[in-house]
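Listed below, chain by chain, are the residues.
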Amino acid sequence: MQKNNLNKPIGVFDSGFGGLTILKEIVKEMPEYDYLYLGDNARAPYGSRSFETVYEYTLECVRHLFSMGCELVILACNTASAKALRTIQQRDLPAIDSTKRVLGVIRPTAEVVGNYSKTRNVGVLATPGTVSSESYLVEIKKCYPDLLVYQEACPMWVPLIENNEQYSPGADYFIKKNIDNLINKQPNIDTVVLGCTHYPLIEEKIKSYLPKNIHLLSQGAIIAKSLKDYLIRHPEIDGKCSKTGRVNFFTTDLPETFDKAAGSFYGKVIFSKHLNL
Ligand code: DGL
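How each quantity is defined
The residue numbers shown here count from 1 along each chain, following its written sequence. Side-chain atom pairs in this predicted model are given and counted only at pLDDT of 80 or more, local residue features only at pLDDT of at least 70, and totals for whole chains, interfaces and linings cover all residues. Each side-chain value is worked out from all heavy atoms of the structure, with water and hydrogens disregarded. Pairs of strands are assigned from DSSP output, requiring at least two bridges between the strands. Counting from the N terminus, the helices are the DSSP runs of H or I reaching at least four residues and the strands are the DSSP runs of E reaching at least two. In this analysis an axis means a line fitted to C-alpha atoms, helices contributing only their contacting stretch, and an angle means the value between N-to-C directions, from 0 to 180 degrees. We call two residues in contact when some of their heavy atoms are within 4.5 Å. Only protein chains enter the area calculation, which uses a 1.4 Å probe; residues under 20% of their type maximum are buried, those over 50% are exposed, and those in between are partly exposed. The distinction between a cavity and a pocket rests on a 1 Å grid over the protein atoms alone: a 1.4 Å probe fits inside a cavity but cannot get out, while a pocket stays open yet meets protein on both sides within 12 Å along at least five of seven lines, and a residue with an atom within 4 Å of a point counts as lining. Grid points are joined across faces, edges and corners, and a volume is the space filled by probe spheres set on the points. Charged means Asp, Glu, Lys or Arg here, nonpolar means Ala, Val, Leu, Ile, Met, Phe, Trp, Tyr, Cys or Pro, and polar covers whatever is left, Gly included.

Chemist: What exactly am I supposed to notice about the sheet that holds strand E6 (residues 148-153) here?
Modeler: What holds strands together in a sheet is hydrogen bonding between their backbones, with the strands either parallel or antiparallel. Here we have 4 strands laid out as an open sheet, ordered E6-E5-E7-E8, and parallel in their pairing. Taken across any chain shown, the strands that pair with only one partner, and hence form the sheet edges, are E6 and strand E8 (215-217). Across the sheet, the mean angle from the axis of one strand to that of its neighbour is 25°, orientation sign disregarded. Of the pairings in the sheet, the one linking strand E5 (residues 121-126) to strand E7 (residues 191-194) comprises 4 bridges and is parallel in character. Its bridge partner being in E7, Gly 123 is matched across the sheet by Val 192. Helix-sheet contacts for helix H5 (residues 106-113) involve E5, E7 and E8, and the interaxial angle to E7 is about 170°. Helix-sheet contacts for helix H7 (residues 135-143) involve E5, E6 and E7, and the interaxial angle to E6 is about 160°.

Shown next as C-alpha cells:
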C-alpha cells in the first residue's frame, strides 16, 4: 500500500466489526477528521487467543495502518488493548517511529467508571482474553482504589455477533448465562462495563437480562470524548491528522461479507476494500 502524504487518517483497528461501534461515535464527535478503519475479520475472534498471537496480529495491523499514512492508531478492541497495547507502546513504537502514537480503550473507560457507581461494586463483561489479562482490574484500581471489580468472561458473545447469530434464540441462552454469573458474584453491582466493542450490538438483550437498577456503560461515547481531549492536549499529533471528513474501511476478509454485516454496527451502509496482510 502506497503512503499518501496528503492523507493522514486516524487509524481505528479491531479484530472485526466491534471497533465500528467506537468509530461511529468518534466520527459523530469529530466529523472533520479523516479515518481509516481496519477489521481483521479473517482472524477474528481474538478473544480466546494467546497473548503472543493477539500481540503479533495487532502489531501487524498497526504497521499496515502506519504504512497507509496513519500517525495515530486507536486499538478499538479491548482484547488488543489488554494484550498488545503496552508492548507496542513501550517496545515497538520507539523502534518503528517514536513520533507515532497508539492508544487503547481500556484506560479511558476505567477513568470514568467510578463516576457511575454508588455501591462501589462494578462489573465488567468482556472476552476471556481481556478478563484473564486483568487489565480492567489494574486500571480501575489505579483510578478508583475503593472500587470492587467483578469480571465475567463471555467466550460465546463475539462468535455469535461475528456470525450474525445475535438475534437467534441460542444467543439468549449464552447472554443470560453470563449475566446471571456476574450478578451471582456480587448482587450489589450497580454499574456494568461493556468491556468489548462488539457488545453494543447486543446492548438491548444485555439490558433485558440485567436488573433494572444497573447502569450499563458502553464505550463509544467515552472513547470519542477521550480522543477529542487527547488531541486538544497534543497539538503536535493533532496537527499531523488530515481533516477532510473522509472515512475508509478495510477488512482482511471478504469485503462483501463485511459490508453486509457492518451496517448494523456502524449505522450506515459501508463499502469496504480488502487488505492483504
Ligand atoms: N471487539 C473486541 C474487543 O473489544 C473483540 C475481541 C474478539 O475478537 O474476540 O475485545
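Chemist: Looking at this structure, I do not really get helix H1 (residues 19-29). What am I missing?
Modeler: The buried fraction of H1 amounts to 8 of the 11 residues, a majority that puts the element mostly inside the structure. Of the residues making up H1, those classed as buried are Gly 19, Leu 20, Thr 21, Ile 22, Leu 23, Glu 25, Ile 26 and Val 27. Looking at the buried positions of H1, the neighbouring elements they touch are strand E1 (10-14), strand E2 (35-39), helix H11 (220-233), strand E9 (247-251) and helix H13 (255-266).

Chemist: How should the pairing of E5 be read in this particular structure?
Modeler: Each regular strand carries side chains that alternate between the two faces of the sheet. Most of E5 sits inside the fold, with 6 of its 6 residues counted as buried. Judged by which residues are buried, E5 turns out to be covered on both faces: Asn 121, Gly 123 and Leu 125 on one side and Val 122, Val 124 and Ala 126 on the other are all buried. Sheet topology note: the E5/E6 ladder contains 6 bridges and is parallel. Pairing of Leu 125 across the sheet is with Glu 152, part of E6.

Chemist: Whenever I open this one, the layout of surface pockets confuses me. Can you help?
Modeler: Using a probe with the size of a water molecule, rolled over the atoms, empty space left in the structure can be pinpointed. By volume, the largest pocket amounts to about 750 Å³. What lines the largest pocket is a set of 32 residues, and nearest its centre among them are Leu 85, Gly 104, Ile 106, Arg 107 and Pro 108. At the level of secondary structure, the elements contributing two or more residues to the lining of the largest pocket comprise helix H3 (78-83), helix H4 (85-96), H5, H7 and H11. If one sorts the elements of the lining of the largest pocket by residue count, H11 sits on top with 8 residues. Within the lining of the largest pocket, the residues separate by chemical class into 15 nonpolar, 8 polar and 9 charged. If you add up the space inside the second largest pocket, you get close to 240 Å³. Around the second largest pocket sit 13 residues that line it, and Phe 17, Asn 41, Glu 162, Asp 253 and Thr 257 are the ones nearest its centre. Broken down by element, the lining of the second largest pocket gets its largest block of residues, 4 residues, from H13. For the lining of the second largest pocket, a count of residues per class yields 6 nonpolar, 4 polar and 3 charged.

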